[in-house]
Amino acid sequence: MQASQSRPDHGVPPAESNDGELSYMAERTAESSEQIRQELENIELPSMSIISLLGHFGPGVVLMMTGIGTSHLVTAPTAGGRFAFALLWCIPVAYVFKYYGFEMAFRFTNATGKSIIEAYGTAWKKWPLWYVLVTTLLQCAIGQAGRLIAASAVMYYLFTESMGLDISLSLYGFILGVVSVAILLRGNYKTVEWVAKILAAVLFVSTVAVYFVQPAPLAAMGHFFIVETPQGSWLIIAAFLGLLPTGIDVSLQASEWGKAKRVGLGGIRERLEAIGLAKRFDPFSSPKEHLSVDTSALTPHVREYCRRWFVTGLWDFRLGHVVSFIIAVIFLLLAAIWLYPNPVEGRAVMGEIARIFTESVGPWMMVVFLLGAFAATFSTAFNYFDGWPRIVGACCRNIFRSTARLQGIAREDLTAEHKTKWYSEYNVYRITMFYSLFASVAIIAGMPRPVFLILIASALAFFVAPVIFFLNLYYCLTIIPKSDKDFYPSRLTRWFSWGSLVVFTALSVILILARVFNVTVFGG
């Protein structure tokens, strides 16, 4: 019996000749392509007004919240309390010469719609992924211990030192870690994020206000341009360069957060692949060139949509960078004025730092400071409980085929298999989170010295940073098309980026020579 030649609107076509089936599928593909093109032309352009920009900000603000914590509230006051204004030069050096290490990760994600981790996987034997995987697992333990102990120190001072509750520093760390992991795994952390933002804003406003009660003398500002290395300062210098504004490895987390936001090229990449305007990327067979997108092939409307989200992402990051810089400078200056000479150490370190606020304004300001300090330090630990496991999962999805087959950690992407197979990206993410929790708390229990542990964690971030900086810059310059005037870095940006990398790497080598090989570059 001859098969009917009628075509149903939906479902599978009836059996027929191969030519007829291919013709039918071609028609359906053409219809689908046209529909996607129409969707892209109708996509709404983000407003570029100041109010709208602030509403669109995301990954950059999260990066700022991740950074404003241990480095600002402990390292900067420690530098000011021990060495007055002598280490002020470290702050602009860290912010200026690390800037493009971060920006290149933002730029890559906005220019390709992919995480820069995907680019790392195209190297020989995927060595950058193995490097990132190993160093991230170290950071999950040592680095997270440094972040978690800062939030614990606030709780310790508030409840143990002030109220006499007999609770150890490590128990505070465990409680805060469990709360963080529970919120992240439940997926409903928007309320906590908003509360942390509000309290961090309180910290910023109160810090600036207290500074103007007794500002630093103008002569002290000369230390921005005088490189001094006092005896015993090497660890603080390494900590400054490592965690101001935050570790460069956080740029990888920001790239993953930017991709997860699903706006700009990150929001339309799959549709561009479906209609042949971007190549599909396979982490096990595709060259790095398949990550690039030729934006000149896009319509003016779609190109403008991508450009606006890129500009939004840049200003998101830049605003966070500037606010972070201001807070770091003010805390060092305040400590130099109100605490120096003071070693700023011990479990009650937050009480020492809170003295700045109580002596300058009054006892009631301590409550304001502690609320803001807790918000800043807790949000840092909280974001790292998400960020580092996210990077471990991203590395695994680009190294192991079984994980690549079950990639994704967003709830809407999860199937029953994602939840039951231990090697899915979702479960790798969860396992790493628990590892980070127990390892960091164990380190805090074995080394309950907040300032020292924070400085060690910061120095670790510094020593792994030059490789991440180089990889971010290299893949931006080799994957983004040079003809793309919107996304490809300008000549000035390229030169300054390479110069920054040289300076930053040189500082790393100097510190290693000073401490490992006993070359007397830095005292102590």
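Please refer to the structure placed before this passage.
Residues numbered from 1 in each chain as written. Predicted model: local features only at pLDDT ≥ 70, side-chain atom pairs only at ≥ 80, totals over all residues. Heavy atoms only, no water.

> Explain the overall build of the protein chain here, please?
Summing up its helical and strand segments, the protein chain has 20 helices and zero strands in all. Among the 524 residues that make up the protein chain, the fraction classed as buried is 56%. Long-range pairs, those at least 24 residues apart, make up 82% of the contacts in the protein chain between residues at least 6 apart in sequence. Split by element, the accessible area of the protein chain, about 22300 Å² in all, is 64% carbon and sulfur. (Helix = DSSP H or I, 4+ residues; strand = E, 2+ residues; numbered from the N terminus. Buried < 20%, exposed > 50% of the residue type's maximum accessible area, 1.4 Å probe, protein only. Contact = heavy atoms within 4.5 Å. Areas by Shrake-Rupley, 256 points an atom, 1.4 Å probe, with all protein chains shown as cover.)

> In this structure, what is going on with the packing of aromatic side chains? I would like to understand it.
Aromatic ring pairs are reported here in terms of the distance separating the ring centres and the angle at which the planes meet. According to the stated counting rule, one finds 21 aromatic pairs in the structure shown. When the ring of Tyr99 is compared with that of Tyr100, the centres are 4.8 Å apart and the planes differ by 85°; the resulting orientation is edge-to-face. Like Tyr100, Tyr99 is buried. Judged by centre distance (6.5 Å) and plane angle (85°), the ring pair of Tyr156 and Tyr172 falls under edge-to-face. In this pair, Tyr156 is assigned in helix α7 (residues 127–161) and Tyr172 in helix α8 (residues 169–186), connecting sequence segments 16 residues apart. By relative accessible area, which is 10% here, Tyr156 ends up buried. A residue is classified by how much of its surface remains accessible, and Tyr172, at 5% relative accessible area, is buried. (Phe/Tyr/Trp six-rings, centres within 6.5 Å; stacked < 30°, edge-to-face > 60°.)

> Explanation requested: the environment of Gly173 in the structure shown.
Relative to the assigned elements, Gly173 resides in helix α8. Between the C-alpha atoms of Gly173 and Leu148, which are 25 residues apart in sequence, the distance is 5.9 Å. In this structure Gly173 touches Leu148, Ser152 and Val441, once residues within four positions along its chain are discounted.

> So what exactly am I meant to see when it comes to a nonpolar patch on the surface here?
On the surface, Leu171, Phe174, Ile175, Val178, Val179, Phe434 and Phe438 cluster together to form a nonpolar patch covering roughly 570 Å² of accessible area. Breaking the nonpolar patch down by element, the ones donating at least two residues are α8 and α18 (425–446). The leading source of residues in the nonpolar patch is α8, at five residues. With respect to the helices and strands, Leu171 occurs in helix α8. Note on Leu171: relative accessible area 39%, which makes it partly exposed. (Patch = residues over 30% accessible without salt bridge, like charges linked within 9 Å, V, L, I, M, F, W, Y side chains within 5 Å. Salt bridge = Lys/Arg side-chain N within 4 Å of Asp/Glu carboxyl O.)

> I'm lost on the nonpolar core in this one. Help?
When a protein is soluble and globular, its nonpolar side chains tend to lie buried together. By size, the foremost hydrophobic cluster in this structure holds 127 residues, and its most contacted members are Tyr120, Phe240 and Phe369. Sorting elements by how many residues they give to this core places helix α13 (residues 300–338) first, with 20 residues. Sequence-distant contacts of Phe240, defined by excluding residues within four places in its chain, comprise Thr75, Ala76, Ala79, Leu87, Cys90, Ile91, Ala94 and Leu332. In this structure, Tyr172, Ile183, Ile409 and Ile444 belong to the second largest nonpolar core, which totals 24 residues. (Core = buried A, V, L, I, M, F, W, Y, C linked by side-chain atoms within 4.5 Å.)

> Please explain helix α5 (residues 90–112) as it appears in this structure.
Along an α-helix, residues three or four apart share an orientation, since each turn contains 3.6 residues. The terminal C-alpha atoms of α5 lie 34 Å apart, and with 23 residues this matches the ideal 33 Å at 1.5 Å per residue to within 8%. Considering bend angle alone, the principal kink of α5 is centred on Lys98 and spans about 40°. For α5, a buried count of 21 out of 23 residues is recorded, marking the element as mostly surrounded by other parts of the structure. Directly after α5, the chain includes Gly113, whose backbone phi takes a positive value near 80°. (Expected span 1.5 Å × (residues − 1). Bend = angle between axes of the 7 residues up to and from the residue.)

> What exactly am I supposed to notice about the packing of α7 against helix α15 (residues 364–399) here?
Relative orientation and spacing of two packed helices are given, respectively, by the angle between their axes and the distance between those axes. Running from N to C, α7 and α15 cross one another at 160°; their axes reach a closest spacing of 9 Å. In terms of their interaxial angle, α7 and α15 are classed as roughly antiparallel. Crossing angle aside, the handedness with which α7 passes α15 is left-handed. Taken together, the residues of the contact of α7 with α15 break down into 26 nonpolar, seven polar and one charged. (Axes fitted to C-alpha atoms, helices over the stretch in contact; angles between N-to-C directions. Parallel < 35°, antiparallel > 145°, perpendicular 65-115°, else oblique. Left-handed = near helix turned anticlockwise from the far one by under 90°. Nonpolar A, V, L, I, M, F, W, Y, C, P; charged D, E, K, R; others polar.)

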